[in-house]
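# Fold and contact review
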Amino acid sequence: MSAFEQYYVEVLRFLTRKLRDRDSAQEMTQETFSRALTLPSGGPVQSPRGLLYHIARNLLVDRYRHQQRQSHENLDDIDESCIVAPGGWQPEAQAESRQYAAQLMATIDSLPPRCRQAFVLHRFDGLSQNEVAKLMGISTNMVEKHIIRAMTACRECSERWQDSKG
């Protein structure tokens, strides 16, 4: 199975979640694979999945920077009397963001130790599931189970947070 067949849907879902626009996500997924295919060949790629995510994240950053540049070019057209800081810069939004992060961290801290370790190594330290399995001395299947358990706990935490806000 090629990397395209193996990771296309996964990368598309990732970009759809980040962009919240399926059409843009499809275009960016195509661009991700296109760039991966045009990289100079320096030998076999150790982690095709990692490479694809790296390219996708870089494309997201490029898109964000482009949007920021565009918005700065249009600042001359704005009446200065109506300028308000974006919601994320407001003290209430920052406090809320910190509370949400604290709740997520508490959820992660409450996981069983081995589950938490596998999740942190994979999601925060960027290790592949195989690397986590080798490091922890467990099977890749067990690493997957730990990650799924942790992701489920984080998703439930996020849903509880959203329910409390809505």
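Preceding block: the structure.
A quick note: this is a predicted structure, and the numbers were derived from the prediction, not measured.

## Quick notes on the pattern of salt bridges
A side chain with one charge can pair with a side chain of the opposite charge if their charged atoms come near. In the structure shown here, the tally under the stated rule is two salt bridges. Glu10 is the salt-bridge partner of Arg49, the closest N and O atoms lying 2.5 Å from each other. With Arg49 in helix α3 (residues 48-73) and Glu10 in helix α1 (residues 3-19), this pair connects stretches of sequence that are 39 residues apart. For the salt bridge of Glu31 with Arg35, the shortest nitrogen-to-oxygen distance reads 2.7 Å.

## Description of helix α6 (residues 129-136)
Considered for burial, the residues of α6 that qualify are Val132, Ala133 and Met136. Projected down its long axis, α6 shows its buried positions confined to an angular sector of 100°, all on one face. Exposed residues lying more than 90 degrees from the buried face of α6 are Lys134 and Leu135. Where the residues of α6 are buried, they touch α5 (113-124) and α7 (140-165). Looking one or two places after α6, you find Gly137, whose phi comes out positive at around 70°.

## Things to note about helix α2 (residues 22-37)
Over its 16 residues, α2 runs 22 Å from end to end, which matches the ideal 22 Å to within 8%, given 1.5 Å per residue. Between the side-chain oxygen of the N-cap and the backbone nitrogen of Asp23 there are 3.3 Å, and the N-cap of α2 in question is Asp21.

The rules behind the values
- Residues numbered from 1 in each chain as written.
- Predicted model: local features only at pLDDT ≥ 70, side-chain atom pairs only at ≥ 80, totals over all residues.
- Heavy atoms only, no water.
- Salt bridge = Lys/Arg side-chain N within 4 Å of Asp/Glu carboxyl O.
- Helix = DSSP H or I, 4+ residues; strand = E, 2+ residues; numbered from the N terminus.
- Buried < 20%, exposed > 50% of the residue type's maximum accessible area, 1.4 Å probe, protein only.
- Arc of directions from axis to C-beta.
- Contact = heavy atoms within 4.5 Å.
- Expected span 1.5 Å × (residues − 1).
- Polar contact = N/O pair within 3.5 Å; in protein donor to acceptor, adjacent residues only side chain to side chain.

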